[in-house]
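Here's the letter readout for the chains.
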Amino acid sequence: MIKPDGVQRGLVGEVIKRFEQRGYTLKGLKLMNVEKSLAEKHYEDLSARPFFPALVDYICSGPVVAMVWEGKGVVATGRKMIGATNPLASEPGTIRGDFAIEVGRNVIHGSDSVESATREIGLWFPEGLAQWTPVAKPWIY
Ligand code: RTP
């Protein structure tokens, strides 16, 4: 998910470009405003943390771009491409390492496990995903 600051700063194309160029396949994409209930559900594991109310307000503060990416190792590799939670600890070359300095404005969210991704796809895309016709090119996963 490209968070509101990423959308406001015009980083949508940059993020999509990085995932496409790496070889991942776009399976879902939408610009949307986030209801408080969805943000609270998405981050429910963090509900006891002191920054939770500010985090929910941040996610609801403007449109986000929800995306689903598919391909070999996409969850683990996607997290590497995104960088550490605190952008000051993110390596240059990662999305947060190249574009952010504030943990509370860190541009993008990525699911932290396949199980989380499955849960989050259900939350963010209850309508389901577009269907791809299988392609006979082995380098497109
Ligand atoms: P995300 O879920 O957004 O991909 O981030 P993450 O796994 O790298 O980090 P997580 O621990 O799940 O935290 C979720 C988001 O909460 C905000 N945060 N603020 N003020 C703070 O100390 C603090 N710590 C975390 C960040 O926006 C983080 O991405």
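Residues numbered from 1 in each chain as written. Predicted model: local features only at pLDDT ≥ 70, side-chain atom pairs only at ≥ 80, totals over all residues. Heavy atoms only, no water.

K.L.:
Give me the overall build of the protein: which residues, what numbers.
P.N.:
When helices and strands are counted, the protein shows seven helices and two strands. Along the protein, helices and strands appear, N-terminal first, in the series α-α-β-α-α-β-α-α-α. Scaling as 2.2 N^0.38, a compact globule of 141 residues should have a C-alpha radius of gyration of about 14 Å, and the protein matches this with 15 Å. Oriented by its inertia axes, the alpha-carbon framework of the protein measures out at about 50 × 35 × 25 Å. Of all 141 residues assigned to the protein, the portion counted as buried reaches 41%. Put simply, 73% of the contacts in the protein that link residues at least 6 apart link residues at least 24 apart. (Helix = DSSP H or I, 4+ residues; strand = E, 2+ residues; numbered from the N terminus. Rg over C-alpha atoms; globule rule 2.2 N^0.38 Å. Buried < 20%, exposed > 50% of the residue type's maximum accessible area, 1.4 Å probe, protein only. Contact = heavy atoms within 4.5 Å.)

K.L.:
Describe unusual backbone geometry, and please don't skip the residues or the numbers.
P.N.:
Backbone geometry at Val107 places phi at a positive 75°, although glycine is not the residue there. Looking at the element boundaries, Val107 is found in the loop between helix H6 (95-99) and helix H7 (114-124).

K.L.:
Mind laying out the site of the ligand, listing which residues take part and the relevant values?
P.N.:
Every residue near the ligand is listed here: Lys3, Tyr43, Leu46, Phe51, Leu55, Arg79, Thr85, Arg96, Val103, Asn106, His109 and Gly110. With respect to the ligand, the side chain of Thr85 contributes an N or O atom lying 2.5 Å from an oxygen atom. Val103 is positioned such that a nitrogen or oxygen atom in its backbone is 3.1 Å from an oxygen atom of the ligand. With the chains in place, 76% of the 560 Å² that the ligand exposes on its own is no longer accessible. By residue class, the composition of the shell around the ligand is five nonpolar, four polar and three charged. (Near = heavy atom within 4 Å. Polar contact = N/O pair within 3.5 Å; in protein donor to acceptor, adjacent residues only side chain to side chain. Areas by Shrake-Rupley, 256 points an atom, 1.4 Å probe, with all protein chains shown as cover. Nonpolar A, V, L, I, M, F, W, Y, C, P; charged D, E, K, R; others polar.)

K.L.:
Any details on the packing of helix H2 (residues 12-22) against helix H5 (residues 74-82)? Residues and values, ideally.
P.N.:
Their axes nearest at 12 Å, the elements H2 and H5 cross at an angle of 135°. Regarding the angle of H2 to H5, the classification is oblique. Seen along the crossing, H2 lies across H5 with a hand that is right-handed. Between H2, through Arg18, Phe19 and Arg22, and H5, the contact on the second element is made entirely by Thr77, Gly78 and Met81. Residues of the contact of H2 with H5, tallied by class, amount to two nonpolar, two polar and two charged. (Axes fitted to C-alpha atoms, helices over the stretch in contact; angles between N-to-C directions. Parallel < 35°, antiparallel > 145°, perpendicular 65-115°, else oblique. Left-handed = near helix turned anticlockwise from the far one by under 90°.)

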